[in-house]
Amino acid sequence: MSSNHTTIAKYQHYINGAFVGSLSSGGYIDVLDPCTEEVIAVVPRGGQKEADAAIDAAVAAQHEWSLLPSVVRANYLKAMANVIRENRVMLAETLAREQAKVKGLAQVEIDVTAEYYDYYAGFARAYEGEIIQSDRPGEQIFLHKLPIGVVVGICPWNFPFFVMARKVAPSLLTGNTIVVKVSEEAPLTCLAFTKLLDKVNLPKGVLNVVCGYGSEIGEALTNNKNVGIISLTGSVDSGHKVMAAAAKNITKVSLELGGKAPAIVCRDADMEVAVKAIVASRIIYSGQVCNCAERVYVEEAVYDEFLEKLTAAMKAVKVGNASNDSDIDMSAQINRKQLDKINGMVERAQSAGAKIVTGGKKSTAFGKGYFYEPTIIVDVKQDAEIMQKEVFGPVLPVMKVKDFDEALKHANDSEYGLTSAVYTRDINKMLRATKELKFGEVYFNRENFEAIQGFHAGWRKSGIGGADGKHGLEEYLQTKTVYIQQTV
Ligand code: NAD
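With respect to the overall build of the protein chain
- Regarding its fold elements, the protein chain presents 15 helices and 23 strands.
- In terms of overall size, the protein chain behaves like a compact globule, its C-alpha atoms giving a radius of gyration of 23 Å where 488 residues would be expected to give roughly 23 Å.
- Residue burial in the protein chain is summarised as follows: out of 488 residues, 56% are buried.
- Taking the intrachain contacts of the protein chain between residues at least 6 apart in sequence as the baseline, contacts between residues at least 24 apart amount to 73%.
- Within the protein chain, the 58 negative side-chain charges are centred at a point lying 2 Å from the centre of the 54 positive side-chain charges.

Dropping the structure here:
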């Protein structure tokens, strides 16, 4: 923690339309460039006071906000999209630097986030209640769709700007107000966005953005009885804690948690497509994506061919500094803790008998920074930690299986249930996988990356509820049934 920085940027919370420094502890958190380990900014270390102030502001603003016609609320979302587009390069550079995301991908995240606000603005005239037939003469039954109230949106570091929009856009469109807690690891792009909000002219308190540790301000936000729904994107561990805190006030939770996506390569697969998509899916944002391919099952008939091509493609992955280098495929891991976690998992896999085909260690090529080599591991067992637990790094364990049945069985043998992928040209295998894979998403012959009009929802420990599309909007709506009896 820092207290005395003079030359680096100092950010603030955004509460009730105003910028606020650290109230609870007086302390600030250092934000590092993961490629150089340099401190690039500090953000306030929020606690109970900021949590209470932000929730109070959101409560005070919610009634009036909910009374606005949805098309008027949608206009604010459109204005947010425009502000993002006008500042797209600055926002992408901030994002690339704070989280070591290659510039191209950082730019995609910013641009898709602008589209996301526009997309949900488009629902203003499209979400509907229902009229239901009554059992009684002269009675009508209406189902109204109403805002829940105050949303707490807790964000991770891996797609911080996009995930913030995933919570803000549907919440505000439907008449909720929101308190966003940004990640302590990558808060800067979200906070830079708050500095642009004067151009949007949102009513005070409708959108509040606070920073700090999960165990401090995060807990304070999830314990508050005035919160209607807590929407967390993060690890399974944080999901457990948030659910436990929410239980106190029976607060609704929406949880987007970790994954351990299987990729199945069938004997009839287009091998070029499979290799390209699996490598892309594993090294995108240095393997730090919840829906990344985390384990591969290959039918034995094509195992040798697949492994040879996969190894060549992994060896060709170009690694560099996300802020300075162009034409790179991946960069550093977010922080030392993640780097050590990845390294530990690979070492334990080796101790258990697995073999490294390429990579397998921290990279010292750049002198500084949290770099890990693109890695392939074989001779792994289904019950090994590396096949069961989320790695969240550029490490791909590959297992030979007898046939498609064995691949399906192993793929489903997981505590996670977020995404899955199958490489096949056989329609019967596609139909079986569609029915039998127990995951929120199944991708055929393409990398795992969801569309904003789809529905991103984890099964089992990967979460509760979901985001995106019309079903994602429902997450932020309360249904009220109204019975009206005609009296004359
Ligand atoms: P994390 O769980 O460490 O942190 C996520 C957020 O939760 C942070 O803002 C953190 O401060 C907060 N938090 C932690 N403990 C808390 C508590 N007790 N109360 C309230 N808030 C608390 O996750 P991360 O390391 O930032 O992100 C990586 C994880 O997120 C991976 O497991 C990844 O799979 C998952 N993820 C899932 C999705 C999805 O859509 N399913 C998307 C992105 C990331």
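Structural notes on the pattern of salt bridges
- Taken as a whole and judged by the stated rule, the model has 28 salt bridges.
- Between Glu299 and Lys429 there is a salt bridge, with the nearest N and O atoms lying 3.2 Å from each other. Of this pair, Glu299 sits in strand 14 (residues 293–299) while Lys429 sits in helix 14 (residues 427–436), placing them 130 residues apart in sequence.
- Note on Lys429: relative accessible area 13%, which makes it buried.
- Salt bridges linked by common partners bring Arg267, Asp268, Glu299 and Lys429 together as one network.

Describing the packing of helix 13 (residues 404–412) against helix 14
- Put simply, helix 13 and helix 14 touch, their axes get as near as 11 Å, and they point 20° apart. With respect to helix 14, the axis of helix 13 lies roughly parallel. Crossing handedness for the pair helix 13 and helix 14: right-handed. Residue-level contacts link Phe404, Asp405, Leu408 and Asn412 of helix 13 to Lys429, Arg432, Ala433 and Glu436 of helix 14.

Things to note about the site of the ligand
- In the vicinity of the ligand there are 28 residues, among which Cys155, Ser235, Ser238, Leu257 and Glu390 approach most closely.
- With respect to the ligand, the side chain of Lys181 contributes an N or O atom lying 3.0 Å from an oxygen atom.
- Between the ligand and the protein, one listed contact pairs an oxygen atom with a backbone N or O atom of Gly234 at 3.2 Å.
- Isolated, the ligand exposes 850 Å² of accessible area, and the fraction of that covered by the protein chains is 91%.
- Sorting the residues of the shell around the ligand by element identifies helix 7 (214–222), strand 11 (229–233) and helix 8 (236–249) as the ones contributing at least two each.

A closer look at the packing of aromatic side chains
- Summed over all chains, the structure comprises 14 aromatic pairs.
- Arranged with centres 5.2 Å apart and planes meeting at 45°, the rings of Tyr14 and Phe19 form a pair that is tilted.
- With centroids separated by 5.6 Å and ring planes inclined at 75°, the aromatic side chains of Trp157 and Phe392 adopt a geometry described as edge-to-face. Here the residue Trp157 occupies a position in the loop between strand 8 (150–154) and helix 5 (160–173), and Phe392 occupies one in the loop between helix 12 (385–388) and strand 17 (395–401), the gap between them amounting to 235 residues.
- Members of the aromatic cluster, joined through ring pairs, are Tyr116, Tyr119, Tyr120, Phe123 and Phe162.
- The ring of Tyr28 is capped by Lys10, whose NZ or CZ atom sits 4.6 Å from the centre of that ring.
- The residue whose ring lies beneath Lys101 is Phe159, and the NZ or CZ to ring-centre distance is 3.8 Å.

Focus on the sheet that holds strand 5 (residues 39–44)
- In spatial order, the strands read 1-5-4; together these three strands make up an open sheet with mixed pairing. Edge positions in the sheet fall to strand 1 (9–10) and strand 4 (28–32), since each has one partner strand and no second.
- Relative to strand 5, strand 4 is paired through five bridges, and the arrangement is antiparallel. Its bridge partner lying in strand 5, Ile29 is registered against Val43.

Observations concerning the domain arrangement of the protein chain
- In terms of domain boundaries, the protein chain breaks down into domain 1 (9–257 + 462–481) and domain 2 (261–451).
- Domain 1 and domain 2 are separated by 31 Å when their C-alpha centres are compared.
- Across the boundary between the two partners, domain 1 contributes 24 residues, which contact 32 residues of domain 2.
- Summed over both partners, the interface of domain 1 with domain 2 comes to about 2,200 Å²; 59% of that surface belongs to carbon and sulfur atoms.
- Counting the contacts that link domain 1 with domain 2 gives two salt bridges.
- In this structure, Glu450 and Arg166 form a salt bridge, with 2.6 Å as the shortest nitrogen-oxygen distance.
- The tally of links between domain 1 and domain 2 comes to 10 residue pairs in polar contact (both at pLDDT 80 or more).
- Listed by contribution, the elements that provide at least two residues to the side of domain 1 that touches domain 2 are helix 3 (88–99) and helix 4 (103–121).
- For the side of domain 1 that touches domain 2, the element with the highest residue contribution is helix 3, accounting for four residues.

Structural notes on the environment of Val279
- Inspection of the secondary structure puts Val279 in helix 9 (residues 271–283).
- We classify Val279 as buried; its relative accessible area is 8%.
- Through-space distance from the C-alpha of Val279 to that of Val317 is 8.8 Å; in sequence the pair is 38 residues apart.
- Those residues in contact with Val279, other than ones at most four positions away along the chain, are Leu310, Ala313, Met314 and Val317.

Reading the values: the criteria
Residues numbered from 1 in each chain as written. Predicted model: local features only at pLDDT ≥ 70, side-chain atom pairs only at ≥ 80, totals over all residues. Heavy atoms only, no water. Helix = DSSP H or I, 4+ residues; strand = E, 2+ residues; numbered from the N terminus. Rg over C-alpha atoms; globule rule 2.2 N^0.38 Å. Buried < 20%, exposed > 50% of the residue type's maximum accessible area, 1.4 Å probe, protein only. Contact = heavy atoms within 4.5 Å. Lys, Arg positive; Asp, Glu negative; His and termini not counted. Charge placed at Lys NZ, Arg CZ, Asp CG, Glu CD. Salt bridge = Lys/Arg side-chain N within 4 Å of Asp/Glu carboxyl O. Axes fitted to C-alpha atoms, helices over the stretch in contact; angles between N-to-C directions. Parallel < 35°, antiparallel > 145°, perpendicular 65-115°, else oblique. Left-handed = near helix turned anticlockwise from the far one by under 90°. Near = heavy atom within 4 Å. Polar contact = N/O pair within 3.5 Å; in protein donor to acceptor, adjacent residues only side chain to side chain. Areas by Shrake-Rupley, 256 points an atom, 1.4 Å probe, with all protein chains shown as cover. Phe/Tyr/Trp six-rings, centres within 6.5 Å; stacked < 30°, edge-to-face > 60°. Lys NZ or Arg CZ within 6 Å of the ring centre and 35° of its normal. Pairing = 2+ DSSP bridges. Domains from an automatic or database assignment. Buried area = accessible area lost by both parts, 1.4 Å probe.

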